[in-house]
Amino acid sequence: MIKYASEHDEQVAFVNWFRLNYHNYLIYSVPNSGIRSKTIGIRMKQEGLLKGVFDLQILTPDKEIIFIEFKRVKEANPKISKEQKEFKKFLDDNNYKNFFAFGFLDAMEKIKEVIDDKNWKWQQS
């Protein structure tokens, strides 16, 4: 059986690579998952925590926002939640650039396409 890198490891590698290569962009994560107490979970929901929000956001010099939902490589059979599908539909319906990234290499290829092609029309199925 093949052992795939964790989603965490893949995302860390991507963020580090992105920050080295795209200095005029701001990339950050949205802490939408994790183990926390019930009280903290309630407080976070009251503060605006929303299931399905994508893992990463990138602010561009052109005042655009790119959303990335990070998953393990496709061969590891990643799960996409109902809420993530609904969030992607909202982004697509409102013309935000977004994609599911299946590991570091997939994310790297897709972000290059998004950033380097100002007429980006690619939609992930």
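An account of the accompanying structure is given in this report. (Residues numbered from 1 in each chain as written. Predicted model: local features only at pLDDT ≥ 70, side-chain atom pairs only at ≥ 80, totals over all residues. Heavy atoms only, no water.)

### Structural notes on the pattern of salt bridges
Stated precisely, the cut-off is as follows: Throughout this description, the term salt bridge denotes a Lys or Arg side-chain nitrogen within 4 Å of a carboxyl oxygen of Asp or Glu. Only DSSP runs of H or I covering at least 4 residues are called helices, and only runs of E covering at least 2 are called strands; the numbering of each starts at the N terminus.
What the rule picks out here adds up to six salt bridges. Across the pair Lys82 and Glu86 runs a salt bridge whose closest N-O atoms are separated by 3.8 Å. Here Lys82 pairs with Glu86, and both are found in helix α3 (residues 82-93), just four residues apart, close to one helical turn.

### Description of the side chain of Asp55
Quick note on the threshold: Think of it in three bands: with a 1.4 Å probe and only protein chains considered, a residue is buried below 20% of the maximum accessible area for its type, exposed above 50%, and partly exposed in between. Under the counting rule used here, the positive set is Lys and Arg, the negative set is Asp and Glu, and His together with the chain ends is not counted. By definition, residues are in contact when any of their heavy atoms lie within 4.5 Å.
Along the chain, Asp55 falls in the loop between α2 (38-46) and β2 (56-59). Although Asp55 is buried, it makes no salt bridge; Lys71 carries the closest opposite charge, 6.1 Å away. Sequence-distant contacts of Asp55, that is, excluding residues within four places in its chain, are made with Glu7, Gln11, Tyr28, Ser29, Val30, Ile68, Glu69 and Phe70.

### Some details on the packing of aromatic side chains
Inclusion rule: Any two rings among Phe, Tyr and Trp, with Trp reduced to its six-membered ring, count as a pair given centres within 6.5 Å; such a pair is stacked if its planes are under 30 degrees apart, edge-to-face if over 60, and tilted if neither.
Scanning the entire structure with this criterion turns up 12 aromatic pairs. Where Phe54 meets Phe100, the ring centres are 5.3 Å apart and the plane angle is 45 degrees; that geometry is what we call tilted. Of this pair, Phe54 sits in the loop between α2 and β2 while Phe100 sits in strand β4 (residues 97-102); the two residues are 46 residues apart in sequence, bridging distant segments of the chain. Using a relative accessible area of 4% as the deciding quantity, one classes Phe100 as buried. Between Phe67 and Phe87 the ring centres are 5.9 Å apart and the planes differ by 80 degrees, which places this aromatic pair in the edge-to-face class. Residue Phe67 is found in strand β3 (residues 65-71), and its partner Phe87 is found in helix α3; the two are separated by 20 residues along the sequence. No difference in accessibility class separates Phe67 from Phe87, as the two residues are buried.

### Points about the nonpolar core
Quick reminder of the rule: Nonpolar core, defined: a set of buried Ala, Val, Leu, Ile, Met, Phe, Trp, Tyr and Cys residues in which side-chain atoms within 4.5 Å join the residues together.
Of all hydrophobic cores here, the largest spans 20 residues; its most connected members are Phe14, Trp17, Phe18, Ile58, Ile66, Ile68 and Ile111. Listing elements by their share of this core, those giving two or more residues are α1 (7-21), β2, β3, β4 and α4 (104-116). The biggest single contributor to this core is α4, with six residues. Contact partners of Phe14, with chain neighbours within four places excluded, come to Ile27, Leu56, Ile68, Phe70, Phe104, Ala107, Met108 and Ile111.

### Describing unusual backbone geometry
Notably, Lys63 is not glycine yet its phi reads approximately 65 degrees, a positive angle. Relative to the elements of secondary structure, Lys63 occurs in the loop between β2 and β3.

Treat this as a map of the structure, not an account of what it does.
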